[in-house]
Amino acid sequence: MSPLTRRTLIAGGIASAGVTVLAPTAANAVSYPFTLGVASGEPVADGFVIWTRLAPDPLAADGLGGMGSASVAVEWQVAADQRFTQPVRSGTATATQSWAHSVHVEVSGLQPGREYFYRFRAAGHISPVGRGVTAPAVGTSPSLTMLFASCAHYEEGYFTAYRRMAEENPDLILHLGDYIYEGAATTTKVRKFAPGVEIAGLADYRVRHAQYKADVDLQAAHAAAPWLVVWDDHEVENNYAGLVRANTSPAGDFKARRAAAYKAYYEHMPLRAAQAPVAENMQLYRRVRWGSLATFHMLDTRQHRDDQACGDGTKVCPEADDPARTLLGGTQEAWLLDGMRQKLGTWDFLGQQVFFAQKLASADGAKSMDSWDGYSANRGRLQRGWDAAGLRNTVVLTGDVHRSWAADLMNDYAAQDRVVGTELVTTSVTSGGDGNAADNGVSGLNPHVKFYKNLRGYVRTVTTPTRMDVDFRFLDRVTTRDYPVRTLQSYVVQAGNPGLQAP
């Protein structure tokens, strides 16, 4: 697919409408409602989810996007070609006010391992065209080009990294959390949040998500490939743990706030109905197979964790090593190990949020209480579990820390005795601003950590049955639009030989 722009996507949709069943037939009762673009996600061998939300006035303060109370019929169409001369599936979904007029269509009956195109029509308007990709069939292992990213602070930069990701024409994109930020607007950054207050209620979370989704670079990335998403903390509140807040500002019922945040998150992501929230709870951890090549175990490290030990922060804290402490919760931990032991694919990818490998901040043993170092027994149980099962191709994919890192996962970090897996940490899309390429965060305290860079960007991987090629991709600036992307570091992870190798 050629490089995407909002102009070409919209123009393509309108131009092709004249030759297909989705030609406009109704009077334009509302203004153009597809201001938030389209998205696909959750690919399986015979389909994927397609998403849109009707919002002619996306930043309306009531959070309803300028829509009335009436439900709206939204026609959808999937085709084998970008001009929709070969439609293969179509139908009608109902967009209701109770879900902010979002639609999540679970398309099925498609062929495995190929690309499709989709679009919507509502109230006489045609949406942009999106590209979906089905997973390959079980028993096959074609190569997979996958990108992953995290941490997109709207005020701290432009989303050029998302634009560059769209231009890579990937098979799949993972977003590992901090898709939005919840804070109040500032006056010193390159852009300004809407609404201006720290968001805490449903209307404000909807407006913040809509502000993000209205960004043309983010829309391009969503339209380019299916996404698998998991949240981190800023989709609700910084460093929350389960139902425990990190602070008391703004005051209010945190259970109600989490319910509002989770609902708005679901309304704006290409997720299945199985992930629809119930009150303050949402089933986000799930497993996605990519043929016989890989299994994605998408984890939730916020909703089920114990509170950060010793009051959070980076410190020496014996409580962090308490065997009873959990980051995943017992049910998710058992689910993960059971799924890994099934050996469904050559590679096991753990898509998750916070730094997994041990990372000492100082010689006295200080570590981050918000990362897996604050839950070391839980990490040890996972590593021993997959190692005992004979798994040699586990790769942990991580976000959260606004820096790029690459590490070997050790059986014993103190002894540095044996590599049992690999961790790849993506930097942020914008969080932290332009960064500083001269930073050097690799320390002799952590010899298993091989790479660090403080610039913005994402990670590209190309995976086959025998190897995984890894490129750390960076932009020199995000406070100026449209910088090019470049690769500053590459690695190979060989199947059957965990750890980072030179390409």
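Residues numbered from 1 in each chain as written. Predicted model: local features only at pLDDT ≥ 70, side-chain atom pairs only at ≥ 80, totals over all residues. Heavy atoms only, no water.

### Digging into the overall build of the chain
No. 1: The helix and strand tally for the chain stands at seven helices and 24 strands.
No. 2: For 503 residues, the compact-globule estimate of 2.2 N^0.38 gives 23 Å, and the chain sits close to it at 22 Å.
No. 3: Each of the three principal axes of the chain carries a C-alpha extent, and together these read 70 × 55 × 40 Å.
No. 4: Split into buried and exposed, the 503 residues of the chain put 60% on the buried side.
No. 5: Contacts in the chain between residues far apart in sequence, at least 24 positions, make up 69% of those at least 6 positions apart.
No. 6: With the model as given, the accessible surface of the chain reaches about 16800 Å², and the carbon-plus-sulfur share is 51%.
No. 7: A distance of 4 Å separates the average location of the 49 positive side-chain charges in the chain from that of its 51 negative side-chain charges. (Helix = DSSP H or I, 4+ residues; strand = E, 2+ residues; numbered from the N terminus. Rg over C-alpha atoms; globule rule 2.2 N^0.38 Å. Buried < 20%, exposed > 50% of the residue type's maximum accessible area, 1.4 Å probe, protein only. Contact = heavy atoms within 4.5 Å. Areas by Shrake-Rupley, 256 points an atom, 1.4 Å probe, with all protein chains shown as cover. Lys, Arg positive; Asp, Glu negative; His and termini not counted. Charge placed at Lys NZ, Arg CZ, Asp CG, Glu CD.)

### Brief notes about the UniProt feature "domain: Phospholipase D N-terminal" (unreviewed entry) in the chain
No. 1: The positions UniProt marks with the feature "domain: Phospholipase D N-terminal" (unreviewed entry) are residues 36-132.
No. 2: A distance of 17 Å separates the end C-alpha atoms of residues 36-132, which is 0% helix and 52% strand. (UniProt positions renumbered as here; feature names shortened; annotations may be inferred.)

### Focus on the UniProt feature "domain: PhoD-like phosphatase metallophosphatase" (unreviewed entry) in the chain
No. 1: In the numbering adopted here, UniProt assigns the feature "domain: PhoD-like phosphatase metallophosphatase" (unreviewed entry) to residues 147-472.
No. 2: Helix makes up 21% of residues 147-472 and strand makes up 21%, while its end C-alpha atoms are separated by 10 Å.

### Some thoughts on the state of the cysteines
No. 1: On inspection of all chains with the given rule, the structure shows one disulfide.
No. 2: Each disulfide pairs two cysteine sulfurs, and for cysteine 310 the partner residue is cysteine 317, the sulfurs being separated by 1.9 Å. Linking cysteine 310 and cysteine 317, the disulfide has an S-S dihedral of approximately 75° and is accordingly described as right-handed.
No. 3: Overall, the relative accessible area of 32% leaves cysteine 310 in the partly exposed class. (Disulfide = S-S within 2.5 Å.)

### Side note on the environment of aspartate 338
No. 1: Its place among the elements puts aspartate 338 in helix α6 (residues 330-341).
No. 2: Judged by its relative accessible area of 44%, aspartate 338 is partly exposed.
No. 3: In this structure the C-alpha to C-alpha distance between aspartate 338 and glycine 385, which are 47 residues apart in sequence, comes to 9.3 Å.

### Things to note about the confidence of the model for the chain
No. 1: Counting all residues, the mean pLDDT for the chain is 94, and 94% of those residues have values of 70 or more.
No. 2: Contacts from residues 1-28, a stretch scored under 50 in pLDDT, to residues over four places away or in other chains number 59 contacts. (pLDDT = per-residue confidence, 0-100.)

### Description of the sheet that holds strand β12 (residues 286-290)
No. 1: Read from one edge to the other, the open sheet built from seven strands follows the order β12-β13-β15-β17-β19-β18-β20, with strand pairing classed as mixed. The sheet terminates laterally at β12 and β20 (449-453), the two strands that pair on one side only. Geometrically, the sheet is characterised by an average inter-axis angle of 20° between neighbouring strands, direction not taken into account.
No. 2: Across five bridges, β12 lies against strand β13 (residues 294-298) in antiparallel orientation. Residue pairing for β13: tryptophan 290 is matched across the bridge by alanine 294.
No. 3: Most of the contacts of α6 go to β13, to which it runs at about 180°, and overall it touches β12, β13, β15 (347-351) and β17 (394-398). (Pairing = 2+ DSSP bridges. Axes fitted to C-alpha atoms, helices over the stretch in contact; angles between N-to-C directions.)

### Describing the layout of surface pockets
No. 1: Volume-wise, the largest pocket comes out at about 250 Å³.
No. 2: For the lining of the largest pocket, the class distribution of residues is six nonpolar, six polar and four charged. (1 Å grid on protein atoms, 1.4 Å probe; cavity = no way out; pocket = protein on both sides within 12 Å on 5 of 7 lines; lining within 4 Å. Points joined across faces, edges and corners; volume = space filled by probe spheres on them. Nonpolar A, V, L, I, M, F, W, Y, C, P; charged D, E, K, R; others polar.)

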